[in-house]
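Descriptive structure summary
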Amino acid sequence: MKVLVLGGAGYIGSHTVCELIDAGHDVVIADNLETGHIEAVHPKAAFYHGDIRNREFIDGVFDKEKIDGVIHFAANSLVGESMTNPLKYYDNNLCGTKVLLESMVAHGVDKIVFSSTAATYGEPESIPILESDKTEPTNPYGETKLSMEKMMKWTGVAHGLRYVALRYFNACGAHVDGNIGEAHNPESHLIPLILQVPNGQRESISIFGDDYDTKDGTCVRDYIHVTDLAQAHILAMQYLMDGNESDVFNLGNGVGFTVKEVIETARKVTGHPIPAVVSPRRGGDPATLIASSEKAKNVLGWKPEHADLEEIIQTAWNWHKNHPNGYEK
């Protein structure tokens, strides 16, 4: 099949492109390179540089390429930034998706897999979080992703579009060959921030609050290796290709690790003491976020292959120690 990957120069997008090509599929990438990296673009993929908010651009891609389905990663995704600049998130995430869906309908492309987020749930009522739990986002990032899901749902009702929304937590790790990995500026994810200490880029790592109701007082999060996430997107696309109905799936490891456990594992992997400093809690940080992935496992046949935290951090360290400045030379 020929798949259009929007945001295919980004972190999760580039890993998904890799897995698609390894599985023998044709891949077309569209990316505006706002947060993506040209160096992360797979040499075997066709690449179009442009913005999905530009109807002429996205129409041009569909006109030139015979696309079977779309995987959509093209969105802004920083929770903190979404609180201070919400309209940026409405513009890129929602307006971009609206233009994309209009173009898909016009070109008869009726299958889309969408990178959603566990932020659609807001404060969880119970753990692990189920797909049927209520969705009340606590930030504009989660709100726009939930609105994107609903836009796809109603486009489906009107035009026969079918979609899969994948709601996941903390993507982490890097490709096992070490050629692509995580490179955000500014970096906001825990594992890369921790690894900046052994890389000599920061003195210590901050722990935001150690008085939560968890086993060691620090926040518990669900960490999923980026290659496992990539595989789930491919399985979801196959699910749609097989004629199945639109649906929503959580992706998580179902276990959850505390901030202290992640730091301790990073010390073990890197052999560095990694000093940690306890700071005040951040607003809006729930104590525990863990997803149930039973539905994805049962319906899509998804099996995470890299759920071991030590392996996750080892792949991340292989990337970061050799690329301390990401893709910058």
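Structure: see above.
The paragraphs below set out a description of the structure included in this document. (Residues numbered from 1 in each chain as written. Predicted model: local features only at pLDDT ≥ 70, side-chain atom pairs only at ≥ 80, totals over all residues. Heavy atoms only, no water.)

As a packed pair, helix α2 (residues 55-64) and helix α4 (residues 86-107) sit with axes 10 Å apart at the nearest point and diverge in direction by 35°. Between α2 and α4 the crossing geometry is right-handed. Between α2, through R55, I58, D59, F62 and D63, and α4, the contact on the second element is made entirely by V99, L100, E102, S103, M104, A106 and H107. Among the residues making up the contact of α2 with α4, the classes are represented as six nonpolar, two polar and four charged. (Axes fitted to C-alpha atoms, helices over the stretch in contact; angles between N-to-C directions. Helix = DSSP H or I, 4+ residues; strand = E, 2+ residues; numbered from the N terminus. Left-handed = near helix turned anticlockwise from the far one by under 90°. Contact = heavy atoms within 4.5 Å. Nonpolar A, V, L, I, M, F, W, Y, C, P; charged D, E, K, R; others polar.)

What characterises a pair of aromatic rings is the spacing of the ring centres plus the angle enclosed by the ring planes. The final tally for this structure, using the stated rule, is two aromatic pairs. Judged by centre distance (5.9 Å) and plane angle (90°), the ring pair of Y239 and F249 falls under edge-to-face. With Y239 in helix α7 (residues 226-241) and F249 in strand β11 (residues 247-251), this residue pair connects regions lying ten residues apart in the sequence. One exposure class covers both Y239 and F249, and it is buried. Measuring from ring centre to ring centre gives 5.0 Å for W319 and Y327, while their planes differ by 55°; the resulting arrangement is tilted. Take W319: its relative accessible area is 0%, and that puts it in the buried class. A cation over a ring is seen here: R281 above Y212, with NZ or CZ 3.9 Å from the ring centre. Over the ring of F249 we find K295, and its NZ or CZ is 5.1 Å from the ring centre. (Phe/Tyr/Trp six-rings, centres within 6.5 Å; stacked < 30°, edge-to-face > 60°. Buried < 20%, exposed > 50% of the residue type's maximum accessible area, 1.4 Å probe, protein only. Lys NZ or Arg CZ within 6 Å of the ring centre and 35° of its normal.)

The biggest cluster of nonpolar side chains holds 33 residues, and the ones touching the most others in it are I12, V27, L166, Y168 and L251. Contributions of two or more residues to this core are made by β1 (2-6), α1 (11-22), β2 (26-31), β6 (162-168), α7, β11 and α9 (294-300). The dominant element in this core, judged by the number of residues it contributes, is α7, at eight residues. What V27 contacts, discounting residues up to four positions off in sequence, is V3, V5, V17, L20, I21, A45 and A46. (Core = buried A, V, L, I, M, F, W, Y, C linked by side-chain atoms within 4.5 Å.)

Turning next to the pairing of β2. Successive residues of a regular strand alternate their side chains across the two faces of the sheet. The buried fraction of β2 amounts to five of the six residues, a majority that puts the element mostly inside the structure. Relative to β2, β1 runs parallel, the two sharing five bridges. Bridge assignment links L4 to a residue of β2, and that residue is V28. Since β1 and β2 lie parallel, the crossover through α1 that links them has a hand, and here it is right-handed. Inspection of the sheet shows β2 paired to strand β3 (residues 46-49) by four bridges, in the parallel sense. Paired with D31 across the bridge in β3 is H49. (Pairing = 2+ DSSP bridges. Right-handed = clockwise from strand over helix to strand, strands pointing away.)

A separate point is α2. Along α2, the residues that are buried comprise F57, I58, D59, G60, V61 and F62. Check the buried side of α2 and you find it contacts β1, β2, β3, β4 (69-72) and α4. Of the residues that open α2, the one with a side-chain oxygen 3.0 Å from the backbone nitrogen of E56 is N54. (Polar contact = N/O pair within 3.5 Å; in protein donor to acceptor, adjacent residues only side chain to side chain.)

What follows is about helix α5 (residues 140-159). Between its first and last C-alpha, α5 extends 27 Å over 20 residues, near the 28 Å set by a 1.5 Å rise per residue. Taken as a whole, α5 has its buried residues at P140, Y141, G142, T144, K145, L146, M148, E149, M152, T155 and G156. Lining the buried residues of α5 we find β4, α3 (79-84), α4, β5 (111-117), β6 and β11. Two residues or fewer past α5, G160 is found with a positive phi of approximately 80°. (Expected span 1.5 Å × (residues − 1).)

Ordered in space as β3-β2-β1-β4-β5-β6-β11, the seven strands form an open sheet in which the pairing is parallel. Only two strands of the sheet have a single partner each, and these edge strands are β3 and β11. Adjacent strand axes in the sheet meet at a mean angle of 20°, parallel and antiparallel pairs treated alike. With four bridges connecting them, β1 and β4 associate as parallel partners.

On to the packing of α1 against α7, then. Angle between the axes and distance between the axes are the two parameters that describe a pair of packed helices. Packing of α1 against α7 leaves a shortest axis separation of 8 Å and a crossing angle of 65°. For α1 against α7, the interelement crossing comes out right-handed. Here Y11, I12, H15, T16, E19 and L20 of α1 lie close against α7, whose contacting residues are V226, T227, L229, A230, Q231, H233 and I234. Within the contact of α1 with α7, the residues separate by chemical class into seven nonpolar, five polar and one charged.

The quantities given are spatial measurements derived from coordinates; they are silent on function.
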